[in-house]
Amino acid sequence: MGRQRPDTPTLEEVAARAGVGRGTVSRVINNATGVRESTRRLVQQAIAELGYVPNLAARSLAVRRADAVALVMTEPDWRQFAEPFFSEIVRTLGDTLAETGLQLLLTLVRSDTDRVRFLEYARGGRVDGVLVMSVHADDPLPDMLADARMPTVLLGRRSGDESISYVDADNAGGARSAVARLVEQGRTTIATITGPLDMYAAQCRLRGYQDALALAGLKGGPSLVAEGDFTEESGRHAMAELLARHPEIDGVLAASDTTAAGALTTLRAAGRRVPDDVAVIGFDDFPLAQRTDPPLTTVRQPLEEIGRAMVRLLQEEMEEPAVAWRHVILRTELVIRESA
């Protein structure tokens, strides 16, 4: 008889031999979708070379899956669902999940009753993981899902101390680059229209704006800040409010492209030329930004990359639960058009 290997090979050794992660090895063992054929062959070769034998009990649990992921939208204001951000994210997540064979289930959770009902639904084995978007600072749902050991990934975060896995854009850095552009153009009275300030993304964009003003030695202050809610209507109202306070405004950073579009409407009605009198910069780089008059300079959020990263992190958590929280922050890019 041949001499047996003294130690049973582990999943980690197979992963190291194949040059992939533990989650990828697990997906190959469980014959799951979402693995390239070339990668699958590498893993199978490593399994054969090491003589790895999967834990059948663990495998039987792993394959007992719903093959579905819930996308939970927690925004209490129905108007937000008409904004491009939501449709773009849903489209990106749907396209990415389609490549993995997982079904996307969309659900609205806006009250304590909704949260309890959804938690029971998720714990009942009807979904394998949860993606959560539009989280506000006081939302307990992510913690409830974590306590239930449900694989969960957030789009954005509730605060700088967020522990749950999330994917976010560099909101502060994006705002800093926008204000730097306005400063380079000689603008000296620069205002901002924020998003809802109970959302960390809006707080970060405000902080980036304030940091960039301080770096340039320009005065800011509360009177140059107007809170909006990412909608076009709020952009119109906030811009009117800012002009009433500071008729000398010559630069504006809006927290979204739709907010910026509203600001452009108000500036036009007030007889202000963009960018001659007032330069305007948005945030997101939706198709809308190319259709405004003038076309909008804006901070591009990498929505495709955000969606793919969210799905990748969720798959890793589904395969390797309770290993570690994962936090990903993606770079933004300033896209120059005619408004600034």
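Just so we're clear, the structure is a prediction, and the values are computed from it rather than from any experiment. (Residues numbered from 1 in each chain as written. Predicted model: local features only at pLDDT ≥ 70, side-chain atom pairs only at ≥ 80, totals over all residues. Heavy atoms only, no water.)

## A look at the overall build of the chain
At step 1: Helix and strand counts for the chain stand at 13 helices and 12 strands.
At step 2: Expressed along its principal axes, the backbone C-alpha trace of the chain runs to roughly 90 × 45 × 35 Å.
At step 3: Every one of the 340 residues in the chain was classed for burial, and the buried ones make up 51%.
At step 4: When contacts within the chain are restricted to residue pairs at least 6 apart in sequence, long-range pairs at least 24 apart make up 71% of them.
At step 5: Side-chain charges in the chain split into 39 positive and 48 negative, and the spacing between the mean points of these groups amounts to 5 Å. (Helix = DSSP H or I, 4+ residues; strand = E, 2+ residues; numbered from the N terminus. Buried < 20%, exposed > 50% of the residue type's maximum accessible area, 1.4 Å probe, protein only. Contact = heavy atoms within 4.5 Å. Lys, Arg positive; Asp, Glu negative; His and termini not counted. Charge placed at Lys NZ, Arg CZ, Asp CG, Glu CD.)

## Some details on the packing of helix H10 (residues 232-245) against helix H11 (residues 257-269)
Packed helices, taken two at a time, are described by the angle their axes make and the gap between the axes.
At step 1: Running from amino to carboxyl end, H10 crosses H11 at an angle of 50 degrees, the nearest separation of the two axes being 6 Å. By the angle between their axes, H10 is oblique relative to H11. In the crossing of H10 with H11, the sense of the turn from one axis to the other is right-handed. Contacts between H10 and H11 pair Glu232, Ser234, Gly235, Arg236, Met239, Ala240 and Leu243 from the former with Thr258, Thr259, Ala261, Gly262, Ala263, Thr265, Thr266 and Leu267 from the latter.
At step 2: For the contact of H10 with H11, the residue count by class is six nonpolar, seven polar and two charged. (Axes fitted to C-alpha atoms, helices over the stretch in contact; angles between N-to-C directions. Parallel < 35°, antiparallel > 145°, perpendicular 65-115°, else oblique. Left-handed = near helix turned anticlockwise from the far one by under 90°. Nonpolar A, V, L, I, M, F, W, Y, C, P; charged D, E, K, R; others polar.)

## Side note on the sheet that holds strand S5 (residues 166-169)
At step 1: With parallel pairing, the six strands of this open sheet are ordered in space as S2-S1-S3-S4-S5-S11. At either end of the open sheet lies a strand with only one pairing partner, and these are strand S2 (103-108) and strand S11 (327-330). Strand after strand, the sheet turns through a mean of 20 degrees between neighbouring axes, direction not considered. (Pairing = 2+ DSSP bridges.)

## With respect to the confidence of the model for the chain
At step 1: Looking at the chain as a whole, the pLDDT averages 89, with 91% of positions reaching at least 70.
At step 2: Across residues 1-6, where pLDDT falls below 50, the model places two contacts with residues more than four positions away in sequence or in other chains. (pLDDT = per-residue confidence, 0-100.)

## Quick notes on empty space enclosed by the protein
At step 1: For the coordinates displayed, the defined rule picks out two cavities of 30 Å³ or more.
At step 2: Taken as a whole, the largest cavity spans an internal volume of roughly 380 Å³.
At step 3: Phe85, Met199, Ala201, Arg205 and Phe230 are the residues nearest the centre of the largest cavity, which is lined by 25 residues in total.
At step 4: Looking at the lining of the largest cavity, the elements with two or more residues in it are helix H5 (84-98), S5 and helix H9 (200-216).
At step 5: Of the residues that constitute the lining of the largest cavity, the class distribution is 12 nonpolar, seven polar and six charged.
At step 6: When its volume is computed, the second largest cavity comes out at roughly 50 Å³.
At step 7: What lines the second largest cavity is simply Thr192, Ile193, Thr194, Ala202, Arg205, Leu206, Tyr209, Leu253, Ala254, Ala255 and Phe283. (1 Å grid on protein atoms, 1.4 Å probe; cavity = no way out; pocket = protein on both sides within 12 Å on 5 of 7 lines; lining within 4 Å. Points joined across faces, edges and corners; volume = space filled by probe spheres on them.)

## Here's the deal with unusual backbone geometry
At step 1: The amide bond that connects valine 274 to the next residue, proline 275, takes the cis arrangement and shows omega of 10 degrees.
At step 2: Looking at the secondary structure, you find proline 275 in the loop between H11 and strand S9 (279-284).
At step 3: That bond from aspartate 293 to proline 294 is cis: its omega, 0 degrees, falls within 30 degrees of zero.
At step 4: Here proline 294 is to be found in the loop between helix H12 (288-291) and strand S10 (297-300).
At step 5: A positive phi angle, near 65 degrees, is found at serine 134, a position not held by glycine.
At step 6: Within the secondary structure, serine 134 sits in the loop between strand S3 (129-133) and helix H7 (141-147).
At step 7: Since its relative accessible area comes to 8%, serine 134 is described here as buried.

## Points about the packing of helix H1 (residues 11-18) against helix H3 (residues 37-50)
At step 1: Taken N-terminus to C-terminus, the directions of H1 and H3 make an angle of 125 degrees; their axes are 9 Å apart at the nearest point. Regarding the angle of H1 to H3, the classification is oblique. In this structure, H1 meets H3 at a crossing whose hand is right-handed. Seen from H1, the contacting residues are Glu13, Val14, Arg17 and Ala18; seen from H3, they are Leu42, Val43, Ala46, Ile47, Glu49 and Leu50.
At step 2: Among the residues making up the contact of H1 with H3, the classes are represented as seven nonpolar, no polar and three charged.

## Some words on the pattern of salt bridges
At step 1: Using the criterion set out here, one finds 19 salt bridges in the structure.
At step 2: The closest approach of N and O atoms between aspartate 168 and arginine 157, which form a salt bridge, is 3.0 Å. Of this pair, aspartate 168 sits in strand S5 while arginine 157 sits in the loop between strand S4 (152-155) and S5, and the two are 11 residues apart along the sequence.
At step 3: Taking the relative accessible area as the measure of exposure, aspartate 168 reaches 6% and is therefore buried.
At step 4: Put simply, Glu88, Arg91, Asp95 and Glu304 are held in one network by salt bridges that share partners. (Salt bridge = Lys/Arg side-chain N within 4 Å of Asp/Glu carboxyl O.)

## What to know about the side chain of arginine 326
At step 1: Summarising the element assignment, arginine 326 is placed in the loop between helix H13 (303-319) and S11.
At step 2: When its relative accessible area of 17% is taken as the criterion, arginine 326 is described as buried.
At step 3: In this structure the side chain of arginine 326 is engaged in a polar contact, spanning 2.8 Å, whose partner is the side chain of glutamate 316. (Polar contact = N/O pair within 3.5 Å; in protein donor to acceptor, adjacent residues only side chain to side chain.)

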